[in-house]
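Residues per chain are reported as follows:
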Amino acid sequence: MSEGRQQGKKKTLRQTLFIVALMSGFVFALVPLYGLLCDITGLNGKARNEKAEAVNIEPDLSRTVVVEFVASVNESMPWDFKPEVTRMEVHPGQMYKTSYYARNRTEAEMTGQAVPSVTPGLAALHFKKTECFCFTEQLFGAGEGRDMPLLFMVDRDLPEDIGTVTLAYTFFNKHKQLN
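Figured I'd write up the structure that's included with this text. Worth saying up front: this structure is predicted, and the values here are computed from it rather than measured. (Residues numbered from 1 in each chain as written. Predicted model: local features only at pLDDT ≥ 70, side-chain atom pairs only at ≥ 80, totals over all residues. Heavy atoms only, no water.)

On to the sheet that holds strand β9 (residues 164–173). Across the sheet, which stays open at both edges, the 5 strands sit in the order β3-β1-β9-β5-β7 with mixed pairing between neighbours. Whereas interior strands pair on both sides, the edge strands pair on one side only; in this sheet they are β3 (87–90) and β7 (138–140). Direction aside, neighbouring strands of the sheet carry axes that sit 30° apart on average. (Pairing = 2+ DSSP bridges. Helix = DSSP H or I, 4+ residues; strand = E, 2+ residues; numbered from the N terminus. Axes fitted to C-alpha atoms, helices over the stretch in contact; angles between N-to-C directions.)

What follows covers the packing of aromatic side chains. Scanning the model with the defined rule gives 13 aromatic pairs in all. With centroids separated by 4.5 Å and ring planes inclined at 50°, the aromatic side chains of Trp79 and Phe140 adopt a geometry described as tilted. Placement of Trp79 in strand β2 (residues 79–83) and of Phe140 in strand β7 is noted, with a sequence separation of 61 residues between them. Phe140 matches Trp79 in its accessibility class, with the two residues each being buried. By way of ring pairs, the aromatic residues Phe69, Trp79, Phe81, Tyr96, Tyr100, Phe127, Phe133, Phe140, Phe152, Tyr169 and Phe171 are connected into one cluster. Positioned above the aromatic ring of Phe140 is the side chain of Arg146, whose terminal nitrogen or guanidinium carbon lies 3.8 Å from the ring centre. (Phe/Tyr/Trp six-rings, centres within 6.5 Å; stacked < 30°, edge-to-face > 60°. Buried < 20%, exposed > 50% of the residue type's maximum accessible area, 1.4 Å probe, protein only. Lys NZ or Arg CZ within 6 Å of the ring centre and 35° of its normal.)

Here we take up the pattern of salt bridges. For side chains of opposite charge, pairing can occur when their charged atoms come near one another. Under the definition given, this model contains 7 salt bridges. Across the salt bridge formed by Asp80 and Arg103, the nearest N and O atoms sit 2.8 Å from each other. Highlighted residues: Asp80 in strand β2 and Arg103 in strand β4 (residues 96–104), separated in sequence by 23 residues. Judged by its relative accessible area of 29%, Arg103 is partly exposed. As a salt-bridge pair, Arg146 and Glu144 come within 2.6 Å of each other at their nearest N and O atoms. Judged by relative accessible area, Arg146 falls into the partly exposed class, the value being 23%. Here the salt bridges share partners, and the residues they tie into one network are Asp80, Arg103 and Arg105. (Salt bridge = Lys/Arg side-chain N within 4 Å of Asp/Glu carboxyl O.)

For Asp60, the position within the fold is in the loop between α1 (3–41) and β1 (65–73). Buried within the structure, Asp60 lacks any salt-bridge partner; its nearest side chain of opposite charge belongs to Arg156, at an N-O separation of 4.9 Å. Here Ser62 takes part through its side chain, which lies 2.5 Å from a polar atom of the side chain of Asp60. Not counting residues within four places of it along the chain, the set of residues in contact with Asp60 comprises His91, Pro92 and Arg156. (Lys, Arg positive; Asp, Glu negative; His and termini not counted. Polar contact = N/O pair within 3.5 Å; in protein donor to acceptor, adjacent residues only side chain to side chain. Contact = heavy atoms within 4.5 Å.)

Shown next as structure tokens:
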């Protein structure tokens, strides 16, 4: 084989490896970029995990929205976790209070973190929490159980065609090591 042909193959190999490395870096960056996009826009039902300010807003008493409450635990989380109520009819612009109950079923202290999700995705921009157990890690002693309050409001700007909003929380073991 001629030396020029070998040089050409080496150059092609270097270019191919560079493109593969560039594509791998791009794929690696997509996950945090997608998460950031969802946080900013509320797309894909990702609710902003930030505390809303309590404000005096005139509720829209002519309209009701059904809010459904869902609770689940990650497979590595040996806790009981459930909402106080599974659904509630609310008026947009009015503050409501409910709670979730969690219990650590183990004989060891555990720390958990609840991650919220709102569906439909567009509703995440209009679901405001002023008090929520999801704002901080939750430390539970062995066998400990307790009610955790949730103060929320669906804002008046929720599109008229959305009649049901689902708020789902998943509790994760904060200190579970990834394999």
